[in-house]
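What follows is the residue order along each chain.
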Amino acid sequence: MNQRLKPVRGMRDILPEDSARFSLIEDTFRSVLSGYSYEEIRLPIVESKNLFDRGLGESTDAVSKEMYSFHDRDSSELALRPEGTASCARAIVNHSMAHEDKPRLWYAGPMFRHERPQAGRYRQFQQVGAEAFGYSGPAIDFELIQIVTNVLESLGLIESVTLLINNIGDATARARFRDALVNYLNPYESDLDSDSRTRLHKNPMRILDSKNERTQTILEGAPKLKEFVGDHSTERFELILGMLSEAQIAYEVADQLVRGFDYYTDSVFEWVTDQIGAQDAVCAGGRYDGLIELLGGKPTPGIGFAAGVDRIALLKSETQEDASYRSTDVYLIALSEDQRSYVSEIAKRIRQGTNLRVREHTEPGRMGSKMRWADKSGATWAVIAGESEEVELNVSIKWLRSDREQLRVPLVGMLEVLKAA
Ligand code: ATP
Ligand code: MG
C-alpha cells in the first residue's frame with residue numbers, strides 16, 4: 001500500500017494559515033451575532049434524508065443532485081446535511097420553541113453537497129448561518145441584512161461585495177408566475193441550455209438563474225415575477241428597501257434572484273462579488289414563512305441567511321494584503337537542559353501576563369540551531385536563559401525582526417519590555 005492517501009474529492013484540509021482566516025471570519029460572525037442577541041444552536045451533521053426531501057423540495061439541486069445520502073445499518077435513509085436551515089427548523093418544531101420564544105439563533109459548521117469541485121465550490125464547505133423564527137415584520141429582514149453588513153464591514157470586505165435583493169412573493173404568486181413562465185418558455189424549449197431544459201419541467205424558476213447567454217436573451221421577453229406578487233408583499237418589500245436606504249446600506253434590486261430552495265417566500269437576498277471567479281455568492285438568505293408548517297409545526301414565519309466561510313476566506317485572500325501569517329510572538333530558549341524548569345517559569349509568566357503566543361524550544365541542540373528555529377518561527381523576540389540568567393533571575397531578550405541590541409533584564413521587568421513593543 002504505497003499509494004498516497006488523499007482527501008476525498010471536493011473535501012480539503014484547511015491548513016493553519018487558512019484556518020486562521022476561517023477563525024477570524026467565524027469569530028466576527030459570532031461577536032456581531034451575539035451583539036444582536038442571537039443565540040448559538042449546535043445541530044447534528046447527519047439527519048434523516050426525509051428532512052431535506054420535505055424541507056428543501058425534491059426538485060432543488062441540493063436534494064435531487066447534490067445530496068450525500070446513504071443507508072444506515074438498519075437501512076434507514078440518512079444524509080449529511082447540505083445546509084442548516086432545515087435542521088434548525090426541525091429543532092424548533094421538536095422543542096416547540098417558535099411560539100413561546102421567538103428564537104433568534106445562529107449556527108456554524110460543515111455542509112456537504114456532491115457538486116463539481118472548483119475554486120470556491122467544494123463538497124464539504126463551512127457555513128455560518130442565522131435564523132429568526134416568529135417574526136413577520138420587515139424590521140427583522142432589515143436586521144439580518146444589517147448583521148451581515150456589519151460582519152463584512154468588520155472584515156474590510158464591504159467594498160468588495162454587492163447586496164442583491166428581490167421579492168419573490170408567496171407560494172400562490174409564485175405558482176401563477178411559474179405557469180406563466182412555463183407557457184412563455186415552452187415554445188423555446190429546444191433553444192434553452194440543457195440545464196434549463198431539465199428545469200423547465202422540474203423547477204422552472206431556477207431558469208432565471210441561468211448563466212447561458214442565449215437563455216438569458218430568451219428570458220428578456222418573459223413575464224416578470226414582480227407582476228404576480230401581491231400588494232401586501234410588495235409594500236413590505238418597499239419598507240425593507242426604505243430601511244436599507246435610511247441606514248445607507250447599498251443594494252440592487254435583482255429581478256432574476258430567486259434562490260435555490262423551494263421554501264423561500266417574499267424577500268430573498270444575496271451578497272455577490274466579482275473578485276473570486278465564477279462562484280460569486282458569498283452569503284445568501286431570505287424569508288421562508290412556510291417551512292415550519294411544512295415540517296409539522298404551527299405556521300410560523302422564519303427568515304435567515306447562510307454565509308459561505310470558504311468563499312469569504314477566498315475573497316479576503318484575493319483582496320487584502322495579508323500581514324504575513326505568524327503563530328508565535330516569543331520564542332523561548334534554554335541554553336542547556338539545566339534551565340528547562342526556569343524557562344518554563346518564564347513561559348508561564350508571559351502567558352499569564354500577556355496575550356503573547358509563546359513557543360518553547362523543546363529539542364536539545366546547539367545554540368545556532370535553536371536560533372534558526374527561533375527565526376523560522378516568525379517570532380518577534382527570542383527570550384534566552386542560560387546558567388547566569390537563571391542564577392541572577394534575569395532573561396536575555398533578542399529582537400529577531402530588527403537591529404535592536406540584545407537586552408538583559410531582570411525577570412520581574414521582562415513583561416514591561418515585551419508589552420512596550
Ligand atoms: P451557489 O449558487 O453558489 O450554488 P447556493 O444558492 O447553492 O449557492 P446557498 O445554499 O444559499 O448557496 O448557501 C449559502 C452560501 O454558502 C453560498 O452563498 C455560498 O457562499 C456557500 N456555498 C454554497 N455551496 C457551496 C459549495 N459547494 N462550496 C462552497 N461554498 C458554498
Ligand atoms: Mg448551489
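Residues numbered from 1 in each chain as written. Chains lettered and ligands numbered in written order. Predicted model: local features only at pLDDT ≥ 70, side-chain atom pairs only at ≥ 80, totals over all residues. Heavy atoms only, no water.

1. Describing the pairing of strand β4 (residues 77-80)
Item 1. Here strand β2 (residues 46-48) runs beside β4; their pairing, made up of three bridges, is antiparallel. Bridging across to β4, Val46 finds its partner in Leu80.
Item 2. With four bridges joining them, strand β3 (residues 68-71) and β4 adopt antiparallel strand pairing. Bridge pairing links His71 to Glu77 in β4.
Item 3. Here β3 folds back onto β4 in antiparallel fashion, the turn holding five residues, of which Ser75 has a positive phi close to 70°. (Pairing = 2+ DSSP bridges. Helix = DSSP H or I, 4+ residues; strand = E, 2+ residues; numbered from the N terminus.)

2. Regarding the sheet that holds β2
Item 1. Spatial ordering of the open sheet is given by β2-β4-β3, a layout of three strands whose pairing is antiparallel. What marks the edges here is a single partner per strand, and that holds for β2 and β3. Direction aside, the axes of adjacent strands within the sheet are offset by 35° on average.
Item 2. Each of β2, β3 and β4 is contacted by helix α2 (residues 49-56), which is oriented at about 70° to β2, the strand it contacts most. (Axes fitted to C-alpha atoms, helices over the stretch in contact; angles between N-to-C directions. Contact = heavy atoms within 4.5 Å.)

3. Considering helix α7 (residues 171-185)
Item 1. Between its first and last C-alpha atoms α7 spans 20 Å; for 15 residues at 1.5 Å apiece the expected length is 21 Å, and the two agree.
Item 2. Buried within α7 are the following residues: Ala173, Arg174, Phe177, Leu181, Val182, Tyr184 and Leu185. Along the axis of α7, the buried positions cluster into a sector of 160°, meaning they face one direction only. Exposed positions of α7 whose direction lies more than 90 degrees from the buried face are Thr172, Asp179 and Asn183.
Item 3. Where α7 is buried, its residues contact α8 (194-202), α9 (213-219) and β9 (265-272). (Expected span 1.5 Å × (residues − 1). Buried < 20%, exposed > 50% of the residue type's maximum accessible area, 1.4 Å probe, protein only. Arc of directions from axis to C-beta.)

4. Details of the packing of α2 against helix α4 (residues 85-94)
Item 1. α4 packs onto α2 with a crossing angle of 100° between their chain directions and a minimal axis gap of 10 Å. For the element pair α2 / α4, the angle class is roughly perpendicular. Residues Leu51, Phe52 and Leu56 of α2 pack against Ala86, Ser87 and Arg90 of α4.
Item 2. Among the residues forming the contact of α2 with α4, the class breakdown is four nonpolar, one polar and one charged. (Parallel < 35°, antiparallel > 145°, perpendicular 65-115°, else oblique. Nonpolar A, V, L, I, M, F, W, Y, C, P; charged D, E, K, R; others polar.)

5. Quick notes on the site of ligand 1
Item 1. Near ligand 1, the surroundings consist of 16 residues, among which Arg113, Glu115, Tyr122, Arg259 and Ala281 are the closest.
Item 2. A distance of 3.3 Å separates an oxygen atom of ligand 1 from a polar backbone atom of Val282.
Item 3. Compared with its free state, where it exposes 580 Å², ligand 1 has 90% of that area covered by protein.
Item 4. Taken together, the elements giving at least two residues each to the shell around ligand 1 come down to β6 (124-133), β10 (281-287) and β11 (302-308). (Near = heavy atom within 4 Å. Polar contact = N/O pair within 3.5 Å; in protein donor to acceptor, adjacent residues only side chain to side chain. Areas by Shrake-Rupley, 256 points an atom, 1.4 Å probe, with all protein chains shown as cover.)

6. A few points about the domain arrangement of the protein
Item 1. Assigned domains within the protein: domain 1 (16-170 + 229-319) and domain 2 (330-420).
Item 2. Relative to domain 2, the C-alpha centre of domain 1 lies at a distance of 47 Å. (Domains from an automatic or database assignment.)

7. Things to note about α4
Item 1. Of all ten residues in α4, seven are buried, a share of seventy percent or more.
Item 2. By the burial criterion, the buried members of α4 are Thr85, Ala86, Ser87, Cys88, Ala89, Ala91 and Ile92.
Item 3. Structurally, α4 contributes buried residues whose contacts are with β2, α2, α5 (98-101), β5 (104-112), β6 and α11 (291-294).
Item 4. Looking one or two residues beyond α4, the residue adopting positive phi is Ser96, at roughly 40°.

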